[in-house]
Each structure stands twice: as C-alpha cells, then as structure tokens.
Number of protein chains: 2
Amino acid sequence: MYYIGVDIGGMSIKTGIVSLEGEILYTSVIETEKINPKLQIKKLADDILKLLAEKGIKKEEILGIGVGCPGAINSKSGKVHYSSNLKWTDFPLRDLLEEYTGIKVRIANDADAATIGEIIFGVAKEYSNVIMLTIGTGVGGGIVIDKKLYLGTNGVVAELGHITLRNGGLECGCGRRGCFEQYASATALIRQTKEAMQKNKNTKMWEYAENDLDKVDGKTAFLAAKCGDKCAKRVVEKYVSYLSEGILDYCNIFRPDAIVLGGGISKEGRYLTDKIVKYLDNHDYGYPGSPRSEILTATLGNNAGIIGAASLIAEGDFE
Amino acid sequence: MYYIGVDIGGMSIKTGIVSLEGEILYTSVIETEKINPKLQIKKLADDILKLLAEKGIKKEEILGIGVGCPGAINSKSGKVHYSSNLKWTDFPLRDLLEEYTGIKVRIANDADAATIGEIIFGVAKEYSNVIMLTIGTGVGGGIVIDKKLYLGTNGVVAELGHITLRNGGLECGCGRRGCFEQYASATALIRQTKEAMQKNKNTKMWEYAENDLDKVDGKTAFLAAKCGDKCAKRVVEKYVSYLSEGILDYCNIFRPDAIVLGGGISKEGRYLTDKIVKYLDNHDYGYPGSPRSEILTATLGNNAGIIGAASLIAEGDFE
C-alpha cells in the first residue's frame, strides 16, 4: 500500500508515490500552467495515473491522494476558497481530482500539510501539540493539537504570519499593518540586511553578496555574522528578536510541546535555535520552572511538500 | 444529580451547587485567608460538605467538583503550578480536595473555566471552536476546540493577554513589553481615559468621574462617548482599535466560530461589538467572502465563576 502526495506550487505541481514509512519512491512533475483550474486538475490526474501505470501500481494499492495547495483552503468542503498564487477562487479541487482519478483525495493548505508531515514523518514525531512556522517569502503556519491538524470549522486557519508584532507598523499584503511576517519572513531579513549594508560600507556582508545588493539573500547576514562581522551580528540579533517575539506569542497561547521552524532559514539549525531559546528564556511568560516548548527545525526539507501532502492521508489512520 | 462549582478568588472562595441545566441552586462563601494552602483547602472541603448536609444532598448525587483558580494551573496533574494572587506554588489542589471531600475533582485556570462555561451553558452553546477573552484587570483567555477546552500537554495555556501588540511597547508584568493586555485590559482603558482627561479639562468624562481622577473606571469613557463627547469618543475608538487588533490576531490564528468577550467591559454589549465587527471587516485577513467569526459577549456574568467551574465536570460528559 502507498500514499500519494501532491505539492501544488506556482511554478510546478509535483507528485510523489510515498511508502507507508514516509519515503518518496517515485515522482513526477508537471508545469503549473495559466489555464483554467479544471483543465489543470485534469492534467494532474493524467500525470498521477500515468505514474501509477509506469510503476505497475494499481489504484487499489493507494490509500489516498493528499494535496497541499497554497492559499485559503477548506479541507472539509474540499474547496480552494482563494489562492492568490494560482488565481483560483471557490474551486472544488478535491471533488474534481477524485472524479478524474477514482482515488480518495484530501486537500489542505501547503503550510498545514508541511506541519502534519513533520508530526507524522519528521522531527516532531514524538509530540502531540505542535506549532509549525514556515519562514519563507512570508510566514506560514500550521497547528497540530493532539496529533491532529487543526482545521477549524470553515478552514482558512493558522495564518500564523498575520498576527500583530508592531501595532501601526509596516504595511502587510493582508491589509493590516505590523504583521509578524513583515519582520520575521526571509523577505524581511533580506530587507533588514540590505538596510544595514547601505548604512555600513565596510561590513563583510558586501563580500558575501559580491558587492551587489541584488545578490543579498536570507543567508548573507548569517554567513557574515558567523565570521564575526559586528554589523551582520546586529542584523541577526535584531531579526532573531523579532522571530522570537512571535514564537513567544505562540508559546503563551498554546504552550506547545514543540515549535518547528521550516523554510530556508531553518537550515541555520542550532546557530538559530540556540539564540531563540536564549531569547525565550529571558522573556518567557511566567514563573520559575514554567513548562517550556522545544524549538526544533524541520527535517523534511525539499521533500516537505510531497511528504506533508501524503501525511494528510496518513493522519487519517489515526481517526 | 448535581455539579459543584468552586470559584477561588483572591478575596473569597465561592461554592455553588449547580443543576444539570446549569442553574445555581445553592451557594456558600468563605474568605480567602493568608494561611497555608493545605489548611485553606481543608476549610473549603468543610464548607462544601456543610452545604451538602444543610441541603440534604448526598455525595453520591454529585457528579464532581469543578474548581476555577487564578494562575498557572495544570489540569492534567491537578496541580497549581503557580498563582501570584494566592501565593501558591506547585500545590496539589485536586488531590487534596478529593481526599478531604471524597468527591471527584477537576481543576482549571479560572479564565479557562469561564470559557467552557460559556460553551456549555452560556452564549456559545451552538459553537464548536471558540476563543474567549476576559477583559478585566488583565486580559485572560480560553481556547475551546471541538467543544473541548484546550489544555495542552503541560497546562498553563491560553495566556491570551500575553501576545505582543506593540514590539518594545509598554512594560508588562509578565516580563515582556507591549503585551495585548497592556493596551486592551480594563486597567489599560482606565489609564487611557485618565490620560485623555488630563489633556482635556472640558470633556464630559470629568462629570462622570465626579471631577476625581481616582473615580475613573472602565465605564467612564463609554458613558461620555454615548452622550456625544468627542474626547471620550476618541478614547473609545482608540481602545476598540487595540482590542480589535488582538481579536483579529485570534481570528487569523483560529478562525473560530465565535470570539466571546467577558469581564466588565463586555457589558457594553452591541455598542462595543458593533465597533469591533466594523474594525474587523476593514482589517480582516484575506479575501472577499472569507469566513468570519462572530463577536459575542458573555452571558453568565457574575455567575461565570461558579458555572464555569461546574462546566469542567459537565464537559466530562462529552468524553
């Protein structure tokens, strides 16, 4: 028996056949085209059925297809409410993919799928209550309570990057000001790095960026800071303080067993999480000996999309 | 059959015998004394047993004793981790009260108890996913998911007043700066009211406060605003914007069916919630037609303590 995981992105749609142990066995990719969504899902279904045929796997051996999709997803109705990346609105993704493949389908927001992936096959296997923050262009998130993805009544939950960090602060794409993601996303770190470089022509960050502001990325400040560059260290400290403040919010709300960080910046590993833990120890709510949440980094990496999506089906086994 | 609800406060400990329909039938009160907690719980047990004897109710007719207690409570271990109000630390409240009464006991933080009270016997009866914010001296909270109180793994959850509203802002008792409760509690509203009065000697708020800053309370600005006083209106609008920003955070995190407001300020009713709904409509995350959370005010009022505590036992019926 196998799971199928489908990772829908703005550029490509990746399908993987996944073992019950969470290993990706076979994959296939199609382009995300600017066509009507129904036709797009027909093409996806054809791709899935072709992959199964090629590998000699019968439909009956598939426990289900899990789909991670960017945007506002209602897992219960199986609809994509709205996805700005894909320009899909009120689209019955689940029912169509079931119709075209004849296989049971479950859909979720991609950050939610990544979260349940880390709980079932990744770093958070031993935990029940987990918050995942995916640090990328924005800050996405997922909430796991008692080993189940929290999906709310109407879906569209866990927009964890869209809580206020600074009332009246930087404008956010969501219509508010001062959202967490405006300070703690990779985009924000890059902006903070560039600002510091423009003020300081001697920082080593210029070397790492090959003297080109356009080459600054989420690693620039971390690389220079690790070499002892003072300006870069200040950028990292400030960035970590923003990230930690948001993490602390989630500690105070959920007191989870663990907070899992995903996305490119999580690759900084202990260098990052040790700083966060130190910040939390100094600012945590409470009292001597109050319960602490572990700060972990995601382990599924580039496979998080497919394995997370497959986990939406694996999670069903617990029901 | 009956429930017993016990509401432990800094000044008094109230006990109520509650019907299965959530009506308080009989009550008793003892003083909260500055004695050792074990002796305090012995006195509470004596008070409970005396009340039962007086009313001719047998222990076997009691489904359980629910206890709401201020502070950091672990409902699973039955211990009060830490209560700054009561000066109790790592205290096995549940086990002692069970020992002294011979009746099953369940304990929770008082704001958590009030939350489950509103879900079982109050305004949120028809909902599954609910966030409650109790606006008083501070801002307390409770999280209900699928009709169950969220208690986390180690308790001490839902410190919903302690999320950042303004990074680096006003100092908070919890050790952070800029917490939601520093801007949205009744204490904060009173501070904001006084500041506006000191700058404006002509505002009607002086009348409502009998020309005495010490008589300003959480109603002063609301009363004057309703009479058209412009300065008071500005105080209310600003306060509502702070409160709404925090509420919006919880909408974006949980997208709950409803957010229930408790505490004195919730008595402003629709005058308050209409303003909040308007603020949310203008600032909500998302996209046209995204699911909205209802904004409700608590209905249990002064009985919230006892009924909420009793609901901790009633909730058990769903298990």
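Since the structure is predicted, the reported quantities are computational estimates derived from the model, not experimental observations. (Residues numbered from 1 in each chain as written. Chains lettered and ligands numbered in written order. Predicted model: local features only at pLDDT ≥ 70, side-chain atom pairs only at ≥ 80, totals over all residues. Heavy atoms only, no water.)

**Section: the domain arrangement of chain A**
All names here are of chain A.
Then comes step 1: Taken domain by domain, chain A consists of domain 1 (2-122 + 302-316) and domain 2 (130-298).
Then comes step 2: Here the C-alpha centroids of domain 1 and domain 2 sit 28 Å apart.
Then comes step 3: Of the residues lining the interface, 16 residues belong to domain 1; the matching set on domain 2 comes to 20 residues.
Then comes step 4: In this assembly, domain 1 packs against domain 2 so that about 1500 Å² is buried in total across both faces, 60% of it on carbon and sulfur atoms.
Then comes step 5: Looking only at domain 1, the three residues that lose the most surface to domain 2 are Asp-112, Thr-115 and Ile-119, adding up to 34% of its buried area.
Then comes step 6: The tally of links between domain 1 and domain 2 comes to zero salt bridges.
Then comes step 7: Remark: the boundary between domain 1 and domain 2 carries four residue pairs in polar contact (both at pLDDT 80 or more).
Then comes step 8: Listed by contribution, the elements that provide at least two residues to the side of domain 1 that touches domain 2 are strand S5 (72-74), helix H3 (110-120) and helix H10 (304-316).
Then comes step 9: Of the residues forming the side of domain 1 that touches domain 2, the biggest block, seven residues, is contributed by H3.
Then comes step 10: A class-by-class count of the residues in the side of domain 1 that touches domain 2 yields seven nonpolar, four polar and five charged. (Domains from an automatic or database assignment. Contact = heavy atoms within 4.5 Å. Buried area = accessible area lost by both parts, 1.4 Å probe. Salt bridge = Lys/Arg side-chain N within 4 Å of Asp/Glu carboxyl O. Polar contact = N/O pair within 3.5 Å; in protein donor to acceptor, adjacent residues only side chain to side chain. Helix = DSSP H or I, 4+ residues; strand = E, 2+ residues; numbered from the N terminus. Nonpolar A, V, L, I, M, F, W, Y, C, P; charged D, E, K, R; others polar.)

**Digging into the interface of chain A and chain B**
Then comes step 1: Between chain A and chain B, the contact holds 41 residues from the first and 41 residues from the second.
Then comes step 2: Of the roughly 3900 Å² buried at the junction of chain A and chain B (both faces included), carbon and sulfur atoms supply 52%.
Then comes step 3: A:Glu245 is the partner of B:Arg176 in a salt bridge, and the nearest nitrogen-oxygen pair spans 2.5 Å.
Then comes step 4: When residues of the side of chain A that touches chain B are traced back to their parent elements, those giving at least two are strand S6 (79-83), strand S10 (139-145) and helix H8 (230-254) of chain A.
Then comes step 5: Here the residues of the side of chain A that touches chain B are counted per class, giving 20 nonpolar, 13 polar and eight charged.

**Some points on a nonpolar patch on the surface**
All names here are of chain A.
Then comes step 1: Together, Met-1, Leu-20 and Leu-63 give the surface a local cluster of nonpolar side chains, amounting to about 250 Å² of exposed area.
Then comes step 2: Its location among the elements puts Leu-63 in strand S4 (residues 62-69).
Then comes step 3: Classification of Leu-63 by relative accessible area gives partly exposed; the value is 31%. (Patch = residues over 30% accessible without salt bridge, like charges linked within 9 Å, V, L, I, M, F, W, Y side chains within 5 Å. Areas by Shrake-Rupley, 256 points an atom, 1.4 Å probe, with all protein chains shown as cover. Buried < 20%, exposed > 50% of the residue type's maximum accessible area, 1.4 Å probe, protein only.)

**Quick notes on the environment of A:Ala221**
Residues and elements named next belong to chain A.
Then comes step 1: Take Ala-221: it is sitting in helix H7 (residues 220-226).
Then comes step 2: On the basis of relative accessibility, which here comes to 0%, the residue Ala-221 falls in the buried class.
Then comes step 3: With 57 residues separating them in the primary sequence, Ala-221 and Thr-164 have C-alpha atoms 25 Å apart.
Then comes step 4: When neighbours within four sequence positions are excluded, Ala-221 is seen to be in contact with Thr-193, Met-205, Ala-232, Val-235 and Val-236.

**Notes on the packing of aromatic side chains**
Then comes step 1: Within the structure shown, the criterion is met by eleven aromatic pairs over all chains.
Then comes step 2: Centroid distance A:Tyr3 to A:Phe121: 6.5 Å. Interplanar angle 55°. Geometry classified as tilted. On the criterion of sequence distance, the pair formed by A:Tyr3 in strand S1 (residues 2-8) and A:Phe121 in the loop between H3 and strand S9 (130-135) is long-range, its members being 118 residues apart.
Then comes step 3: Look at A:Tyr3 and you get buried, because its relative accessible area is 4%.
Then comes step 4: Taken together, the ring pairs connect A:Tyr150, A:Phe254, B:Tyr150 and B:Phe254 into an aromatic cluster.
Then comes step 5: Over the face of the ring belonging to B:Tyr100 we find B:Lys42, whose NZ or CZ atom lies 5.8 Å from the ring centre.
Then comes step 6: The residue whose ring lies beneath B:Lys226 is B:Tyr271, and the NZ or CZ to ring-centre distance is 5.0 Å. (Phe/Tyr/Trp six-rings, centres within 6.5 Å; stacked < 30°, edge-to-face > 60°. Lys NZ or Arg CZ within 6 Å of the ring centre and 35° of its normal.)

**What about the pairing of S9(A)?**
Residues and elements named next belong to chain A.
Then comes step 1: Burial runs high along S9: five of the six residues are buried.
Then comes step 2: Of the strand pairs in this sheet, S9 and S10 are connected by six bridges, and their pairing is antiparallel. Within the sheet, the bridge partner assigned to Leu-133 lies in S10 and is Gly-141.
Then comes step 3: As paired elements, S9 and strand S12 (residues 258-262) share five bridges and run parallel to each other. (Pairing = 2+ DSSP bridges.)

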